[in-house]
Amino acid sequence: MNASPAPLHGITVVDISSSYAAPTASMYLGDMGAEIIKIEPVRGDDARGWGPPFLNGEAAWFLSVNRNKKSLCLDIRGEQGREVLFRLLETADVFIENLNPAKLERHGLGLDALRERFPRLVICALSGFGLDGPDAALPGYDLIAQARSGMMSVTGDDGVPQRVSTALSDVAAGTVAAYAIAAALVRQQLHGVGDVIDVSLLEADLAFMSPRIASYLAGDPEPRPCGGTDSVVAIYQPFRTSDRPIVVAVGNDKIWLHACAALGLDELAGRSDLATNAGRRARRGEVVDAFQSVLATMTSQEALKALQDVGVPCARINSLSEVVDDPQVEAREAIVGQEHPRAGVFRGVASPWRLGSRNSRAPRLPAPLQGEHGRDILSGAGFDDERIADLTEAGVVWIP
């Protein structure tokens, strides 16, 4: 199949955000072909210091979320910096920011004023708690969102709440934002109107908690941390084998019968009180004990083969060293390498989709060096060499 332009080719995004959530959104838009102008403070994005690990001074966290972007270091706190920003926004399609509303106003970037000045612009505001409500001005991080969304209340073991140990809220919010921006761009391209998109870490995590919240509101008891063994589905959890843990997901009544057959639990399969998920939930302890007693006598390889041969969903619990070498991950090119001018070869997770018309998932650009494209961006916006020199002398921009 011949390669065709990426879906967002020709779209320009100006992104003044930092950290991880909003940069995830702009990275995904860049993966779809948009030109991303990443505006960093003169000192650089805070995430450039998030390490170790560092690769020749470049933080792996920063590299993982800033591919397919160009960098301009600009101080937007003063009038001259805002002049540069507004010049860029005149021809941009999307503006992404993650400042809280009070700070936006202090910087002369109130959303109402921006909408009036740039009515065609799609503006995306990411924050911890959203643009309104009693806690809109509070700072928000992944840990805070996981706590307030109830996610930590159902995660962990022995009743001890735990954070899901990755930047889950950030990636979720960034993904949601990219989806909403893409939808708003369709209307913009058809009708010439922009919008303000309001995305919060809290509500992104609430989306993950939707089935648990709905179950609670429908009358289920309030759940507690229990090692992931209290799913609405019985059974749907980890089990010990003789050498390492695996997970088993009995998603319907047919799979239940297959699982029992694979493990020699014919008596359980024949019981009418266990024929439905509701019955198995009511007797979860008995069912889990029966499965565990058999699985503990098998190696993980034996257990997985027995279950997979009859179509029961199951898997090893992989360590990261196993994840990056997983044959399916490799076959899908889900982890891609890129050549960075300072870090060298950097490997990271590709965008979580594949377009049939574009076979390669390799980035067009590696994560930028601090301010790497500043001169080119300013020249493209109509600033001549003398004006760029003046802005640099005044500390408004930093050109490496």
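Preceding this section is the structure that the text describes.
Presented here is a report on the structure given in the accompanying data block. Quick caveat: nothing in here was measured; it's all calculated off a predicted structure.

Conventions used here
Residues numbered from 1 in each chain as written. Predicted model: local features only at pLDDT ≥ 70, side-chain atom pairs only at ≥ 80, totals over all residues. Heavy atoms only, no water. Helix = DSSP H or I, 4+ residues; strand = E, 2+ residues; numbered from the N terminus. Buried < 20%, exposed > 50% of the residue type's maximum accessible area, 1.4 Å probe, protein only. Areas by Shrake-Rupley, 256 points an atom, 1.4 Å probe, with all protein chains shown as cover. Phe/Tyr/Trp six-rings, centres within 6.5 Å; stacked < 30°, edge-to-face > 60°. Expected span 1.5 Å × (residues − 1). Disulfide = S-S within 2.5 Å. Pairing = 2+ DSSP bridges. Axes fitted to C-alpha atoms, helices over the stretch in contact; angles between N-to-C directions. Parallel < 35°, antiparallel > 145°, perpendicular 65-115°, else oblique. Contact = heavy atoms within 4.5 Å. Patch = residues over 30% accessible without salt bridge, like charges linked within 9 Å, V, L, I, M, F, W, Y side chains within 5 Å. Salt bridge = Lys/Arg side-chain N within 4 Å of Asp/Glu carboxyl O. Lys, Arg positive; Asp, Glu negative; His and termini not counted. Charge placed at Lys NZ, Arg CZ, Asp CG, Glu CD.

## Observations concerning the overall build of the protein chain
- When helices and strands are counted, the protein chain shows 18 helices and 16 strands.
- Across its three principal axes, the protein chain shows a C-alpha extent of roughly 85 × 45 × 40 Å.
- Classification of the 400 residues of the protein chain by burial places 44% in the buried group.
- Summing over all exposed atoms, the protein chain offers an accessible surface of approximately 19900 Å²; the carbon and sulfur share of this is 54%.

## So, the packing of aromatic side chains
- Applying the stated criterion across every chain, the model contains six aromatic pairs.
- Their ring planes at 65 degrees and their centres at 5.4 Å tell us that tyrosine 20 and tryptophan 61 sit as a pair that is edge-to-face. With tyrosine 20 in the loop between strand S1 (12–15) and helix H1 (21–31) and tryptophan 61 in helix H2 (residues 60–65), this residue pair connects regions lying 41 residues apart in the sequence.
- Taking the relative accessible area as the measure of exposure, tryptophan 61 reaches 39% and is therefore partly exposed.

## A word on unusual backbone geometry
- In this chain, proline 52 is followed by proline 53 through a cis amide linkage whose omega measures 10 degrees.
- Within the fold, proline 53 resides in the loop between strand S2 (35–40) and strand S3 (54–55).
- Put simply, alanine 234 and isoleucine 235 share a cis peptide bond, and its omega is 5 degrees.
- Mapped onto the elements of the fold, isoleucine 235 is located in the loop between helix H9 (210–217) and strand S11 (236–239).
- One non-glycine residue, aspartate 158, adopts positive backbone phi at about 55 degrees.
- Considering the arrangement of structural elements, one finds aspartate 158 in the loop between strand S8 (156–157) and strand S9 (160–161).
- We note that glutamate 333 has phi near 55 degrees; this positive angle belongs to a residue other than glycine.

## Description of helix H3 (residues 79–91)
- With 13 residues, H3 should cover 18 Å at 1.5 Å per step; its first-to-last C-alpha distance of 19 Å lies within 8% of that length.
- Buried residues of H3: Gly81, Arg82, Val84, Leu85, Phe86, Leu88 and Leu89, and no others.

## A word on the state of the cysteines
- On inspection of all chains with the given rule, the structure shows zero disulfides.
- The closest cysteine sulfur to the non-disulfide-bonded cysteine 314 is located on cysteine 260, 14 Å from its own sulfur.

## Structural notes on the sheet that holds strand S10 (residues 195–200)
- Read across the sheet, seven strands follow the order S10-S7-S6-S1-S2-S5-S16 without closing on themselves; strand pairing throughout is mixed. Edge positions in the open sheet fall to S10 and strand S16 (397–398), since each of these has one partner strand only.
- As judged from the four bridges shared by strand S6 (residues 94–97) and strand S7 (residues 122–127), these two strands associate in the parallel manner. In the sheet register, phenylalanine 95 faces S7, and the bridge partner there is isoleucine 123.

## Some thoughts on the packing of helix H8 (residues 201–208) against H9
- One can describe the packing of H8 onto H9 by two numbers: an axis separation of 4 Å at closest approach and a directional angle of 70 degrees. When the interaxial angle is binned, H8 and H9 end up roughly perpendicular. Where H8 abuts H9, its residues Leu206, Ala207 and Phe208 lie against Ser210, Pro211 and Ile213.

## With respect to a negative patch on the surface
- A cluster of acidic residues, Asp384, Asp385, Glu386, Asp390 and Glu393, forms a negative patch on the protein surface.
- In this structure, aspartate 390 sits in helix H18 (residues 385–393).
- We classify aspartate 390 as partly exposed; its relative accessible area is 41%.

## Let's talk about the pairing of S7
- The buried fraction of S7 is high, at six of six residues.
- Here S7 shows a buried face lined by Val122, Cys124 and Leu126 and a second buried face lined by Ile123, Ala125 and Ser127.
- Note: S7 against S10, six bridges, orientation parallel. Looking at S10, one finds that valine 122 is bridged to aspartate 195.

## Let's talk about the side chain of glutamate 97
- Tracing the chain through its elements places glutamate 97 in strand S6.
- When sequence neighbours within four positions are dropped, the list of residues in contact with glutamate 97 reads Ile16, Ser17, Leu104, Leu111, Cys124, Ala125 and Leu126.

## Notes on the pattern of salt bridges
- Within the structure shown, the criterion is met by 21 salt bridges.
- Across the pair aspartate 273 and arginine 283 runs a salt bridge, and its minimum N-O distance is 3.2 Å. With a gap of ten residues between them, aspartate 273 in the loop between helix H11 (266–269) and helix H12 (277–282) and arginine 283 in the loop between H12 and helix H13 (284–295) connect regions that are remote in the sequence.
- Look at aspartate 273 and you get partly exposed, because its relative accessible area is 26%.
- A relative accessible area of 31% means that arginine 283 is categorised as partly exposed.
- Three or more residues are tied together by salt bridges with common partners; here these are Glu40, Arg48, Glu58 and Arg342.

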